[in-house]
Amino acid sequence: MNNALKNALLNRLIGMADDELILSHRNAEWTGHAPLLEEDIALANLAQDELGHATVLLGLVEELNGKTPDQMAYFRDAAEFRNVQFLELPKGDWAFTMLRQYLFDAYETILYNRLLTSSYQPLADVVAKFRGEEIYHLRHSHMWVERLGLGTDESLGRLQAALDQMWPLTAQLFQVSEADNLLSEEGVFPLAADMADEWQEIVLPHLANCSLHVPTHATMLLAGRETHTHFLNDLLTDMQQVARWDPSAEW
Amino acid sequence: MARWEVFKKDNARKPYQAVGSVHAVDPEHALHNAKNVFVRRPAAVSLWVAPAAAIFSRSAEELENQPLDPTANGHEQRYLVFRKASNRRSMTFMDHIGETSAPNGESALAQAIDQFDDKPGLAWWVIPAEAITASEEDVAEAWFAPAATKTYKQQSQYGFVSKLREGRKGAVTSDE
Amino acid sequence: MTEEQKTAEFEERIGRDEKIEPGDWMPEKYRKQLIRMISQHAHSEVIGMLPEGKWIPHAPSLRRKMILIAKVQDEAGHGQYLYHAAETLGVTREELYQAFLDGRAKYSSIFNYPSLSWADVGMIGWLVDGAAIKNQTMLAQCSYGPYSRAMVRICAEETFHHKQGKEMVLKYAAGTAKQRDMVQDALNRYWWPSLMMLGPHDSESTNTPQLVKWGVKTKTNDEVRQEFIAETAPELIASGLTIPDPDLHQDEDGVWHHGPIDWDEFWNVVKGNGPCNAERLGMRQDAHDNGQWVRDALEAYSEKKYGAAAFA
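This structure is a prediction, so every number in the text was calculated from the model and none was measured.

Novice: Just checking my understanding: could you explain the interface of chain B and chain C for this structure?
Specialist: As a measure of interface size, the accessible area lost when the parts come together is often cited. With 45 residues of chain B in contact, the opposing surface of chain C contributes 53 residues. Of the roughly 4600 Å² buried at the junction of chain B and chain C (both faces included), carbon and sulfur atoms supply 56%. At the surface where chain B touches chain C, the tally comes to seven salt bridges. Notably, a salt bridge pairs Arg 3 of chain B with Glu 87 of chain C, separated by 3.9 Å at the nearest N-O pair. Our count for the chain B to chain C interface comes out at 17 residue pairs in polar contact (both at pLDDT 80 or more). Every element with two or more residues in the side of chain B that touches chain C is listed here: strand 1 (3-9), strand 2 (17-23), helix 1 (27-38), helix 2 (60-65) and helix 5 (160-166) of chain B.

Okay, here's the thing in structure tokens:
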């Protein structure tokens, strides 16, 4: 693999891993605070699955850049993270958490499906193992969006507010850099922009069935994955404090 | 919030077994909760949920003190039969042992007791088949297989601790 | 049959190692004691999510984070199993939970102590879960079927909690200077509360004799405490840590003797005046209040789709 291709792949793998790592962190924040005891358990399941995926993906990163998964997670600053912004926002209320999960699960399901045939075999192999969990996640968040959308006026109002806030940010999932074209040509990683239509075909009908209106005049976020809100910095301060308190220690 | 009894089938050879209950508002919600609560660890290949309110339940002692009075009221339907047949230490309550057809729960149980007389029942449930919702077969892999990969939840992953213990004379261990 | 005859028959059943199942006759006092014990136990699991859950965002490695999420998740699961067991005695989870939020129900005193450092997570796993497992192993033999089954399931899962904590403590005891200081500090704070959580001395424990007779408990508090010290103390000492009890020693017969337990502190915490009682209950109250609209939405959805009280 030439250097340009390798760097492009590394960038994409880090993006995938960071998406999972950051969302896992947010979901784990519900443990002990969910609206129903059964959902404390459900969110902890999501968080574990996502953390597991992040760890495996960072393992692929290590093969390319030599940095361990813990080094990547605990000793990078916010500017070096490559997750999309809507995953780093605070967990918000239950409507925000479930809608975010749904929109992201739909995206990941498509991404994983495409990566099953990646020409980079290590990636195709790990994604095959993630797929079952992802199918389940989508079922779970799909169920919740339906119940909140078709529940009470309050639950619909909260869900709509979450959609209004989040929708413009979802565009970031489908941003393409020049290097991505290279990955796509080599069959390593699908072009994110190519997945947008499929994603909309999944989410738009469900959102409509759940009485939600997709904002029509929103300004979509077109920034790359290297840009972040201050919330990521806050999150990393929480996440990295013990590891950085004694960097020489094995934990 | 309604209570749903959960039945888990561990593998192809095992019956569905009553493992506990979840709170939920509808069958799909109940199945998700059942999966999240009872399949945090392996193993499962399928789940059933049934509203607790739909269950006709009798313990052996109740049956002795208040004999069943089967009547023909109601419409004939399928009932699934569950029985507890042993006092041995267990994490499951009833096993699914078969089905019968009857116009109501009381009649279904009376028939079931005649029909399944291989072992004495210590406690019985009969549940209308239509009250039971099963996890879908085509998603079984996605729902149940991943639990097996969560090895960090298994105490064997921390095995060196036990070895350390064995080296200490006279130490009593509660880990087994 | 008179109440006395029924009770005699009931006690004979327990004597024959039969399990009492939902629907069976039981003395009212047995039912009440079980509801009290099981619900306190359930509340303890639920509140027990908080001291460790607080550290999930700060877990210093991906592996530790994964383990801790799974462990705190298990606590929610164990609370869930236990509420189920209590519900078979004719009470609802909602009413039990309300009594807990209102401060009318007790829960294990240990969870009213603060978790001040990451090492507390290890110490809670080794000592607190270690002590809890002693009780739980005993309760798995309990005469009431649903409680026994919940405990069998919990014990099977809980052993991992104990071991991961012990692994962490031993590693840090042999780790960097900062890690050693941190884990010693955690031991200093958790040793006495762990001994206390096994309950008052037998001479002060009013419920124990009846509970032993009815096969709910099979050992007294002091017997369990002795076992706990015998298992834990030698390994803590061997790891180079110092147990904060200068009087702790083993006599020639192998029996451990500890210094006097500060029971005033214990009762004070049990009565709700511990360092974190208000904070912990407040957090659960917030979660409950913030979740009300979610539970309302679920009920409304179900009612629209399936009709009112379709599954009640």
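Now that the structure is up, let's keep going.
Novice: Looking at this model, I keep getting lost on the confidence of the model for chain C. Mind explaining?
Specialist: Detailed reading of the predicted coordinates is not advisable wherever pLDDT falls low. This prediction gives chain C a mean pLDDT of 94; 100% of its residues lie at or above 70. The element-level mean pLDDT for chain C is lowest in helix 9 (residues 208-213) of chain C, coming to 82, with helix 13 (residues 292-306) of chain C highest at 98.

Novice: Explain the pattern of salt bridges to me, please; I cannot follow it from the model alone.
Specialist: Side chains bearing opposite charge may pair, as long as their charged atoms lie close to each other. Enumeration over the complete set of coordinates arrives at 48 salt bridges over all chains. Two residues, Arg 13 of chain C and Glu 61 of chain B, come together in a salt bridge whose shortest N-O distance is 2.9 Å. Within this pair, whereas Arg 13 of chain C is found in helix 1 (residues 3-15), its partner Glu 61 of chain B is found in helix 2, the two belonging to separate chains. Among the residues examined, Arg 13 of chain C registers a relative accessible area of 12% and is labelled buried. Accessibility expressed as a relative area gives 18% for Glu 61 of chain B, which makes it buried.

Novice: Where do I start with the state of the cysteines in this structure?
Specialist: Two cysteines form a disulfide when their sulfur atoms are joined by a covalent bond. Applying the stated criterion across every chain, the model contains zero disulfides over all chains. Sulfur of Cys 155 of chain C: no disulfide; nearest cysteine sulfur belongs to Cys 142 of chain C and is 12 Å away.

Novice: Could you clarify how one ought to interpret helix 4 (residues 62-87) of chain C in this entry?
Specialist: Because each turn of an α-helix spans 3.6 residues, side chains separated by three or four positions in sequence point in the same direction. Between its first and last C-alpha atoms helix 4 of chain C spans 38 Å; for 26 residues at 1.5 Å apiece the expected length is 38 Å, and the two agree. Most of helix 4 of chain C sits inside the fold, with 25 of its 26 residues counted as buried.

Novice: Mind showing me how you'd approach the side chain of Asn 45 of chain A here?
Specialist: Counting through the fold element by element, Asn 45 of chain A comes out in helix 2 (residues 37-65). Judged by relative accessible area, Asn 45 of chain A falls into the buried class, the value being 9%. At a separation of 2.7 Å, a polar atom in the side chain of Asn 45 of chain A contacts the side chain of Asn 36 of chain B. Ignoring anything within four residues of it in the chain, the contact list for Asn 45 of chain A reads Lys 35, Asn 36 and Lys 153 of chain B together with Gln 73 of chain C.

Novice: Where do I start with the domain arrangement of chain C in this structure?
Specialist: Residues and elements named next belong to chain C. Parsing chain C into structural domains produces domain 1 (3-275) and domain 2 (276-312). Each of domain 1 and domain 2 has a C-alpha centre, and these two points are 28 Å apart. Each partner contributes residues to the interface: domain 1 has 21 residues there, and domain 2 has eight residues. Interface area for domain 1 against domain 2, summed over the two sides, is near 1200 Å², with a carbon-plus-sulfur share of 57%. Of all residues in domain 1, Leu 50, Tyr 97 and Leu 101 give up the largest surface area on contact with domain 2, accounting jointly for 41% of the area buried on that side. Counting every contact that joins domain 1 to domain 2 gives zero salt bridges.

The rules behind each value
Residues numbered from 1 in each chain as written. Chains lettered and ligands numbered in written order. Predicted model: local features only at pLDDT ≥ 70, side-chain atom pairs only at ≥ 80, totals over all residues. Heavy atoms only, no water. Contact = heavy atoms within 4.5 Å. Buried area = accessible area lost by both parts, 1.4 Å probe. Salt bridge = Lys/Arg side-chain N within 4 Å of Asp/Glu carboxyl O. Polar contact = N/O pair within 3.5 Å; in protein donor to acceptor, adjacent residues only side chain to side chain. Helix = DSSP H or I, 4+ residues; strand = E, 2+ residues; numbered from the N terminus. pLDDT = per-residue confidence, 0-100. Buried < 20%, exposed > 50% of the residue type's maximum accessible area, 1.4 Å probe, protein only. Disulfide = S-S within 2.5 Å. Expected span 1.5 Å × (residues − 1). Domains from an automatic or database assignment.

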